[in-house]
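Structural features, examined
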Amino acid sequence: MYSKIILQKDLPKLVDELVNDHIVVAPTKAKNVPTFSEVRSSEEVEFSILFNEKLPMIPLKKIFLPSQQTVFKYSLSEGVTESCEELAARVAEKKILVFGASPCDITGVNVLNRIFHEYYTDALFSQIRDRTVIIGMNCLDHCYENCFCETMHSNDPKSGYDIMLTPISKTKLIAVPNSDKGKALLRTHGEIFQEVTTKDHQAYLKALEQKRLNFKSEFPVEGLASEIEDNFESSVWEEFTKKCLFCGSCTFVCPTCYCFSTKDNLSIDLKTGERIRDWDSCYYPEFALVAGGHNFREHQSQRFRYRYLHKFVDIPRRYNLEGCVGCGRCITYCPANIDVRDVLKMIRGVSN
Amino acid sequence: MTKTIAKYNDFGDCTPQTAKIVDIRSLTDNTKLFELQFTDSQLNERFTYKPGQFVLLSVFGVGEVPISIASSPHKKGLFQLGIRMVGNVTTKIHQLKKGDLVGIRGPYGNGFPVEENKGKDLLFVAGGIGYLPLRSAFREAVAKKADFGKIFILYGDRCPTDVLFAEEKDEYKQQKEIIFHQTVDRDDDRCWDGNIGVVTTLFPFIKDEIDPANTVAMICGPPIMYKFVVMELEKLKIKPENIYLSLERKMQCGVGKCCHCGIGDKFVCLDGPVFSLEEIQGLLEAL
Amino acid sequence: MATAKPQIGIVGFTGCAGCQLSILDLEDELLDLLQLVDIIDFRMAMTGNKEGPYDILFVEGSIVNEKQEEELKELRKKAKILVAIGTCAVFGGVQALRNFMNDEQVRVRQYGTEGAKKHPVIKVKPLNQVVKVDHYLLECPVNKYDFLNFVKYVLAGGAPKLPNIPVCQQCKEKGNRCIFLEDGILCMGPVMQAGCGALCPSHNLPCDGCRGSILQAAYQQQVDLMLEKGASIEDITRHLLKYTAEDEQLKAFLREKWKEQGKKMEYFIE
């Protein structure tokens, strides 16, 4: 059997072994807010977050699509001096290991992975993703009141992780590998793990059954896309526009928001420079503004609506994926208390 | 007609290729035609494109903008970009000189279906700087005149000083297969002897000559123009699947990642910039 | 690039001189900067200053009396490019709150009844109410990297662009805890121009909006939310105008808001 058992009290030991040959990214409370950050020892890891206290504020996307990233470097006299592919290879040299990703976050990365591979593979995203090992921490119940992952079918990703840890009792977890890398990792750190007994296996099956019973869907997503489209002119968009601050917080904490813009950074000698890409948000007024002065989404309500269209209509249609993973971060971190579920319900209400 | 997104060549996904400005020609006070050549000579051979496709032009130190290719595809070894000074990057490139380096990614997008419509009458409607990509398309048709029926060109500009390639007018007027009409929105200095009014005021000149069943229309111009031109084309009874529009949107990546050019489930950079009216009729926010 | 180095001046009117200090604080880059430009006028930092002509003149501070108005007009004549640096020069700064106080009372408080007669004051003006300003560099004090980038871009032939993103983006990029949401502290981040790297919120302090508001700022929503959180319109106004009293867009909005509440905004500060 490839799967192994690990005692909960041994998790810190595992992390301390992993930091020796990986850059380990794990949930911490670095700035008084749950966050994924690089850890050098298990002492920095906030294990309570792992056991479903709260999701890290910024999802895993920040590893593969950092808020600011150099795309290539150039000199004015020679043109491009370091390509995106070369930079990507250098960044990917670091062996990153994510410890304790939730299933919905893994699904979120899978969505981005698909988008960043469509037609043109994004070298930076794909190389970092390909070289990153992800150890997931399974959820057996809604982690908090804003979670609606079951609705968005995101809590049981079939791929996109190397090992999934599932608690099977108060003291034990089962580590189920999902890739060759995962299997190798369990072998390398074999001393920390134990073999799975028949009793453990039964407990595992029971835990999965409990998971199935615990998660409840809040509303059907079937038909959502066409209903939103039918209510394109609904007054509900205007109503929420009156509350929304257009601060973009929801887009930055969203696991599937990936918009970026680019800019140039010239060095002080004015001879060399680099192209940078930066997170951007479709809530900002210049998002669809072209140089000639025409703004394709001039009004706040158009911008408010666009995000919903993109998540619940455009991504599903284009990629055959849910564009939202139901993690509820946009609800948790909205200063104006806007709940995506309320918006969707009200939009649907209008059509009835 | 179903369109497939073709990867026209295998370079320039995220990193531009270095190209040299080999010639600069002033077209108007604010528009210049730049002739470019890759510094890697092998690339010049491999760089093929369709009219209506675009590149992402990097002006190092300032930024990157999408620019339609203005030259005819059969011209090998170099290509042209017609650039009007409107933003930061386009202003800076106007200051560059022969021999300066820029970055090029692409070509991207699908382009105008000229080849695909052999045997048809072609109607080109251009507004302002939109004349440049369309010119690339109709010059291709003009070069293979025998393959096509009549070629209608309607071209509108804001004012006489904005008119591009004014000298080519006579060339078109001499050829009986080409029906060329031109207009300017206003003529403050009284130096224009042609039609005055927006581009739609040219439709009365051609309406009796259009065979709607056999005409394919291609449009490129400022965003405001499309709705009105489409209304005229519908009056002429040209079918939506035979009306092609090159849409403008903000672009940062050109390869369907940055999301700035999204219209519904389409990206202008990947699925466009040329769409048939039929394709976008159901797309919210398209026109 | 031009062969002669551009001649640069850095001068100040009414302010704290913090912007000029901020430029001096560019320790790592100052020598490189001097390779690119000639600083001919920087009274705070050097001797042997020359009063123009300037290729680029950076002006700190706001204009508070007629003498300064004349001086600024003279300087404008000597400068090819005039750049307002810092909140005072761009929006009036903290001292522009005086514009919302009774003029007479202010003078009496400051100079006494007799003295008040001798010291006429005018409305505190940002530079663009007196002369044409070509560019604006924000923050209190001016962001030294914005200054450096501006010089680079002018020399390279581009024009720097405001990021036009709210402070919230940079807060999220830094992974800061949201004090507006979690602690109910009035923070202007959602409507204020970023570029500072969310400096104040990164230190658990609310954004006071020293960089001015973003394009199409959601003032209405922001103010409604603050009222909901229990703040008074007086508090909110003081907060919003603290640095940027002469931000026309913001002032016009607030006047309307006061009217809605049946109050008049003039001289609301005692």
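Residues numbered from 1 in each chain as written. Chains lettered and ligands numbered in written order. Predicted model: local features only at pLDDT ≥ 70, side-chain atom pairs only at ≥ 80, totals over all residues. Heavy atoms only, no water.

Before going further, it helps to spend a moment on the overall build of chain A. Looking only at helices and strands, one finds 14 helices and 11 strands in chain A. A globule of 352 residues ought to have a C-alpha radius of gyration of about 20 Å, and chain A, at 22 Å, matches this closely. With respect to the principal axes defined by its C-alpha atoms, chain A has extents near 65 × 65 × 40 Å. With 352 residues in all, chain A has 62% of them scored as buried. Long-range contacts, defined as pairs at least 24 residues apart, comprise 74% of the intrachain contacts of chain A with a sequence gap of at least 6. A total accessible area of about 14,000 Å² is found for chain A, and carbon and sulfur atoms account for 49% of it. Chain A carries 44 positive and 47 negative side-chain charges, and their two centres are separated by 3 Å. (Helix = DSSP H or I, 4+ residues; strand = E, 2+ residues; numbered from the N terminus. Rg over C-alpha atoms; globule rule 2.2 N^0.38 Å. Buried < 20%, exposed > 50% of the residue type's maximum accessible area, 1.4 Å probe, protein only. Contact = heavy atoms within 4.5 Å. Areas by Shrake-Rupley, 256 points an atom, 1.4 Å probe, with all protein chains shown as cover. Lys, Arg positive; Asp, Glu negative; His and termini not counted. Charge placed at Lys NZ, Arg CZ, Asp CG, Glu CD.)

Interfaces are often sized by the accessible area lost when the parts come together. All names here are of chain A. Along its sequence, chain A is carved into domain 1 (4–65 + 84–214) and domain 2 (224–261 + 277–351). For domain 1 and domain 2, the distance between their C-alpha centres works out to 28 Å. Between domain 1 and domain 2, the residue contacts involve 34 residues of the former and 28 residues of the latter. Of the roughly 2,800 Å² buried at the junction of domain 1 and domain 2 (both faces included), carbon and sulfur atoms supply 61%. Counting across the interface, domain 1 meets domain 2 through 3 salt bridges. Viewed at the interface, domain 2 and domain 1 are joined by 19 residue pairs in polar contact (both at pLDDT 80 or more). Sorting the residues of the side of domain 1 that touches domain 2 by element identifies α3 (61–64), α5 (103–115) and α6 (123–131) as the ones contributing at least two each. Tallying contributions element by element places α5 first for the side of domain 1 that touches domain 2, with 8 residues. Of the residues in the side of domain 1 that touches domain 2, the class split is 21 nonpolar, 5 polar and 8 charged. (Domains from an automatic or database assignment. Buried area = accessible area lost by both parts, 1.4 Å probe. Salt bridge = Lys/Arg side-chain N within 4 Å of Asp/Glu carboxyl O. Polar contact = N/O pair within 3.5 Å; in protein donor to acceptor, adjacent residues only side chain to side chain. Nonpolar A, V, L, I, M, F, W, Y, C, P; charged D, E, K, R; others polar.)

With that settled, the discussion passes to a negative patch on the surface. On the surface, a cluster of negative charge is contributed by A:Asp16, A:Glu38, A:Glu43 and A:Glu44. Residue position: A:Glu38 is located in strand β3 (residues 35–39). (Patch = residues over 30% accessible without salt bridge, like charges linked within 9 Å, V, L, I, M, F, W, Y side chains within 5 Å.)

To continue, consider the interface of chain A and chain C. Taken together, the contact between chain A and chain C spans 37 residues of the former and 34 residues of the latter. Across the interface of chain A and chain C, roughly 3,000 Å² is buried in total on both sides, 60% from carbon and sulfur atoms. When the area that chain A buries against chain C is broken down by residue, the three leading residues are A:Leu245, A:Ile268 and A:Leu270, summing to 23%. Where chain A touches chain C, the interface holds 0 salt bridges. Linking chain A with chain C are 13 residue pairs in polar contact (both at pLDDT 80 or more), by the criterion used here. Among the elements of the structure, α11 (249–252), β10 (260–266), β11 (272–279) and α12 (300–319) of chain A are those that each provide at least two residues to the side of chain A that touches chain C. The element contributing the most residues to the side of chain A that touches chain C is β10(A), with 3 residues.

Let us now look at a nonpolar patch on the surface. All names here are of chain B. A surface patch of nonpolar side chains, amounting to about 320 Å² of accessible area, comprises Ile224, Phe228 and Met231. Note that Ile224 resides in the loop between β11 (215–220) and α6 (225–235). Overall, Ile224 belongs to the exposed group, its relative accessible area being 60%.

The α-helix winds at 3.6 residues per turn, so residues separated by three or four positions along the chain end up facing the same way. All names here are of chain A. Here helix α7 (residues 180–188) has its buried residues at Gly182, Leu185 and Leu186. One face of α7 carries all of its buried residues, which in axial projection span an arc of 100°. Opposite the packed face of α7, turned more than 90 degrees from it, sit the exposed residues Asp180, Arg187 and Thr188. Here the buried face of α7 lies against β1 (4–7), α1 (11–21), β6 (96–101), β7 (133–137), β8 (163–167) and β9 (172–177). (Arc of directions from axis to C-beta.)

So, on to the domain arrangement of chain C. All names here are of chain C. According to the domain assignment, chain C consists of domain 1 (7–156) and domain 2 (167–260). Using C-alpha coordinates to define each centre, domain 1 is positioned 25 Å away from domain 2. If you look at the interface, domain 1 gives 17 residues, while domain 2 gives 15 residues. Of the roughly 1,300 Å² buried at the junction of domain 1 and domain 2 (both faces included), carbon and sulfur atoms supply 62%. Linking domain 1 with domain 2 are 3 salt bridges. Across the domain 1-domain 2 interface, the total number found is 8 residue pairs in polar contact (both at pLDDT 80 or more). Along the lines of polarity and charge, the residues of the side of domain 1 that touches domain 2 split into 9 nonpolar, 5 polar and 3 charged.

Judged by nonpolar contacts, the single largest core of 181 residues is most densely connected at A:Tyr258, A:Phe304, A:Tyr308, B:Leu123, B:Tyr131 and B:Leu233. If one sorts the elements of this core by residue count, α12(A) sits on top with 8 residues. Once you skip the residues sitting within four places of it in the chain, B:Leu233 turns out to touch B:Leu123, B:Phe203, B:Ala217, B:Ile219, B:Ile238 and B:Ile243. Core analysis: the next-biggest nonpolar cluster, separate from the first, contains 35 residues, A:Leu124, C:Ile10, C:Ile39 and C:Ile56 among them. (Core = buried A, V, L, I, M, F, W, Y, C linked by side-chain atoms within 4.5 Å.)

What follows covers the interface of chain B and chain A. Taken together, the contact pairs 40 residues of chain B with 48 residues of chain A. Of the roughly 3,800 Å² buried between chain B and chain A on both sides combined, carbon and sulfur atoms contribute 59%. Put simply, chain B and chain A have 4 salt bridges between them. Inspection of the chain B/chain A interface yields 19 residue pairs in polar contact (both at pLDDT 80 or more). Put simply, the parts of the chain that give the side of chain B that touches chain A at least two residues each are β3 (54–59), β4 (63–68), β6 (101–108), β14 (266–267) and α7 (268–271) of chain B. Taken together, the residues of the side of chain B that touches chain A break down into 17 nonpolar, 12 polar and 11 charged.

A cis geometry characterises the amide bond from B:Gly106 onward to B:Pro107, with omega recorded as 5°. Topologically, B:Pro107 is positioned in strand β6. Cis peptide bonds are those with omega within 30 degrees of zero, and the linkage from C:Cys140 to C:Pro141 qualifies with -10°. Tracing the sequence through the fold places C:Pro141 in the loop between β5 (135–137) and α6 (144–156). Despite not being glycine, C:Ala17 has its phi angle at roughly 70°, a positive value. In this structure, C:Ala17 sits in the loop between β1 (7–12) and α1 (18–24).

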